[in-house]
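Each chain, letter by letter, is given below.
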Amino acid sequence: MPDPSPDFVTLMAAAQAGDRRAYRRLFEAVLPILRRIAARHPALTNPADREDAVQDILLAIHTARASYNPARPFLPWLFAIAHNRIADHARRRIRRGAREVADADHPETFLVAAANTDMSGRHEDGRALEAAIGTLPPGQRMAVRLLKLQEMSLKEASAASGLSVASLKIAVHRAVKSLRKKLVGDA
Amino acid sequence: MDTDTLVRRLAEGGSPVRPRASPTSRALLWVAIASPFVAATALWHGFERDIAMVFAEPRFLAEQCAALATALAAATAAFATGTPGFPRAYRFLPLPALALWLFTLAAACSEDLADLGPAWFRMGVDAGCLPAMAAAGLAPAVVMLVMIRGAVPLAPRLTLFYAALAPAALVSFALQFFHHGDVTLMAVVWHFGLVWLVAPLMALLGRLVIRWPRSAPG
C-alpha cells in the first residue's frame, strides 16, 4: 500500500543512494500520477497503450535518475519526463495507426486442401509457450520476457533487470534451449 | 510484462547513482577544463595584435565579453535543457548574450567597411587561422561532448545546438587574440561563418547523439 503522502524528494534521494526499498516505494507512489497523465492524453484511448506509455515513463525515470538533483523539487522533474515520453509514445502510436490496418483475422485458404494450415490450435500454441516460459527458472524467465517478448536490447534489459549483459545472454540462450526441448520435444 | 513486475525489476536494479551537479556548476567546470587548452593554442599560435592596446579598445572588450558570455550561457543552457524539471526560460538564456555578440560584430563590420571601402568585400582563402581554430576548438568540443552524453533527451536538437555553440563561442573569443583586428567580409565568412555552421549541423544530429533507450513496443 503506497504511502498516502509520500516525500518524493527523500525517497528519490534514498533511491539514488542505492536504497532499493525506497526506490520501489517511489515507483508505487508515482504510478497513480503517471496513469492519470496517460489517461488524459487524447491519443492514448486504448488502456493497453496507456499502460505501455506508463511503463515507458518508468523505464525513463530509471534511466534518467542521476539527472535529478535532490536540492530541487521532484514533481517538475517527473512531469517533464512523463510528458516527453507520453508525447513520444502517442506520436509512435499515431504513426503506427496510419501505417497499419487492423488484422481482420481471416485465415488465408487455398484450393489444395493440404496447403491449408490448421489454425484452430493457434491460441493453444500461445498458451503452451506462455506455460513453458512460466516453468523456466526466474533468471531465464526474466531474460526471455525482457529480450524476446518486450524486445528490449541487451543494454536496456540489463538496465531494467540489474543483470549483466553476459548473464542475460547466457540466460536467454539456456531458456530458448529448454523451451525448444519442452515444446518441440513434447510434440 | 505487467507494470508491477517492471516496478519490481527496476527497483531491484536500482544501483546507486551520483546526482549530477547543477547546469551552472557544470558549465563553469566545462569552462575551467576547456580554457587552458584554448589559452595554450592562442600562445602556440602567437598574438598578431598588441594585447595591451586592444584591451584599451571598448569595441574589443565588448566583443570579447559578449563571446565569453555566449559561451557560458550556451553551456548552461545545453546542460539545463538536458535536465528534466528546469524552467523553459533556460532555453532562451543564451539569446541576450548572442544578440549582443552579433550586434558588436555587425558594428565592427560597418566600422571597418567605412574605413576600408571596396577592399572590405575582397574575398580570398584565409586559411592561416584554420589550424589554430581547429586546435582551439577540439578540446572544448570533446570535453563538452563527454559532459553532454548523460543529458536527458527532452529537446535533443536544442541541447546539441547549444552544446556546439558554447565551444564555437569560446573559439571565437580566443580567435580575437591571435587574429588581426579587421572584420572584413572574408574574416566574417571564414571565421564566424565556419563557427556558425558547426552549431546547426550538430543540432541536426541531436536525436542521434542524445536519445532515450528504445522503449518496450506497444
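Rules used in this analysis
Residues numbered from 1 in each chain as written. Chains lettered and ligands numbered in written order. Predicted model: local features only at pLDDT ≥ 70, side-chain atom pairs only at ≥ 80, totals over all residues. Heavy atoms only, no water. Helix = DSSP H or I, 4+ residues; strand = E, 2+ residues; numbered from the N terminus. Areas by Shrake-Rupley, 256 points an atom, 1.4 Å probe, with all protein chains shown as cover. Patch = residues over 30% accessible without salt bridge, like charges linked within 9 Å, V, L, I, M, F, W, Y side chains within 5 Å. Salt bridge = Lys/Arg side-chain N within 4 Å of Asp/Glu carboxyl O. Phe/Tyr/Trp six-rings, centres within 6.5 Å; stacked < 30°, edge-to-face > 60°. Buried < 20%, exposed > 50% of the residue type's maximum accessible area, 1.4 Å probe, protein only. Lys NZ or Arg CZ within 6 Å of the ring centre and 35° of its normal. Contact = heavy atoms within 4.5 Å. Buried area = accessible area lost by both parts, 1.4 Å probe. Nonpolar A, V, L, I, M, F, W, Y, C, P; charged D, E, K, R; others polar. Axes fitted to C-alpha atoms, helices over the stretch in contact; angles between N-to-C directions. Left-handed = near helix turned anticlockwise from the far one by under 90°. pLDDT = per-residue confidence, 0-100.

Colleague: Any chance you could explain the overall build of chain A here in plain terms?
Modeller: Of the regular secondary structure elements, chain A holds 8 helices and 0 strands. Secondary structure elements of chain A occur, N-terminal to C-terminal, as α-α-α-α-α-α-α-α. Counting only carbon and sulfur atoms, one obtains 58% of the accessible surface of chain A, whose full area is about 10,900 Å².

Colleague: Help me understand a nonpolar patch on the surface, please; the structure alone is not making it clear to me.
Modeller: A cluster of nonpolar side chains, namely Leu145, Leu205, Leu208 and Val209 of chain B, defines an oily patch on the protein surface of about 330 Å² accessible area. With respect to the secondary-structure elements, Leu205 of chain B resides in the loop between helix H8 (185-204) and helix H9 (206-209).

Colleague: It is not clear to me how the packing of aromatic side chains should be interpreted in this structure. Could you clarify?
Modeller: Geometry of an aromatic ring pair is reported as the spacing of the ring centres plus the angle between the planes. The tally for this structure, following the rule as stated, stands at 7 aromatic pairs over all chains. Ring plane angle 20° and centroid distance 5.3 Å describe the contact between Phe8 of chain A and Phe74 of chain A, whose orientation is recorded as stacked. Taken as a pair, Phe8 of chain A in helix H1 (residues 8-16) and Phe74 of chain A in helix H4 (residues 74-99) lie far apart in primary sequence, 66 residues in all. Looking at Phe8 of chain A, the relative accessible area reads 14%, which means it is buried. Residue Phe74 of chain A is classed as buried on the basis of its relative accessible area of 3%. Centroid distance Tyr23 of chain A to Phe27 of chain A: 4.5 Å. Interplanar angle 40°. Geometry classified as tilted. Here Tyr23 of chain A and its partner Phe27 of chain A are both found in helix H2 (residues 20-40), 4 residues apart, which amounts to about one turn of the helix. The pair formed by Tyr23 of chain A and Phe27 of chain A is uniform in burial state, with each residue classed as buried. An aromatic cluster of at least three residues, connected via ring pairs, comprises Phe8, Tyr68, Phe74 and Trp77 of chain A. Over the ring of Phe86 of chain B we find Arg72 of chain A, and its NZ or CZ is 3.9 Å from the ring centre.

Colleague: What am I meant to see in the side chain of Thr70 of chain B here?
Modeller: Residue and element names in this part refer to chain B. Here Thr70 is to be found in helix H4 (residues 58-81). Its relative accessible area of 0% is what places Thr70 among the buried residues. Discounting chain neighbours no more than four positions away, the residues touching Thr70 are Ala97, Leu98, Trp101, Leu165 and Ala169.

Colleague: Looking at this structure, how should I read the interface of chain A and chain B?
Modeller: Much of the literature gives interface size as the accessible area that the parts lose upon coming together. In this complex, chain A contributes 47 residues to the contact, which on the side of chain B involves 34 residues. The junction of chain A with chain B conceals about 3,800 Å² of combined surface from both sides, 59% of it contributed by carbon and sulfur atoms. Linking chain A to chain B there are 0 salt bridges. Put simply, the parts of the chain that give the side of chain A that touches chain B at least two residues each are H1, H2, helix H3 (47-63), H4, helix H6 (138-149) and helix H7 (154-161) of chain A. Per-element tally for the side of chain A that touches chain B: the top contributor is H4 of chain A, with 10 residues. In the side of chain A that touches chain B, the residues fall into 20 nonpolar, 12 polar and 15 charged.

Colleague: Sorry, what's going on with the packing of H2 of chain A against helix H1 (residues 3-12) of chain B here?
Modeller: Helix-helix packing is characterised by the crossing angle of the two axes and by the distance between the axes. H1 of chain B packs onto H2 of chain A with a crossing angle of 145° between their chain directions and a minimal axis gap of 9 Å. Crossing handedness for the pair H2 of chain A and H1 of chain B: right-handed. Residues Arg20, Tyr23, Arg24, Phe27, Leu31 and Arg35 of chain A of H2 of chain A form the contact with H1 of chain B, whose own contacting residues are Thr3, Val7, Arg8, Leu10, Ala11 and Glu12 of chain B. Tallied by class, the residues present in the contact of H2 of chain A with H1 of chain B amount to 6 nonpolar, 1 polar and 5 charged.

Colleague: Please explain the confidence of the model for chain B as it appears in this structure.
Modeller: Note that predicted coordinates carrying low pLDDT should not be read in detail. Residue and element names in this part refer to chain B. Mean pLDDT over chain B works out to 81, with 79% of the residues at or above the 70 mark. Within chain B, the element-level pLDDT minimum falls on helix H3 (residues 51-54), averaging 67, and the maximum on H4, averaging 90. In the predicted complex, the global pTM is 0.69; the interface-specific ipTM is 0.76.

Colleague: I keep staring at H7 of chain A and nothing clicks. Help me out?
Modeller: Note on helix geometry: an α-helix contains 3.6 residues per turn, so any two residues three or four positions apart are oriented the same way. Among all positions of H7 of chain A, only Glu156, Ala157, Ser158, Ala160 and Ser161 of chain A are buried. A positive phi of about 80° marks Gly162 of chain A, the residue just after H7 of chain A.

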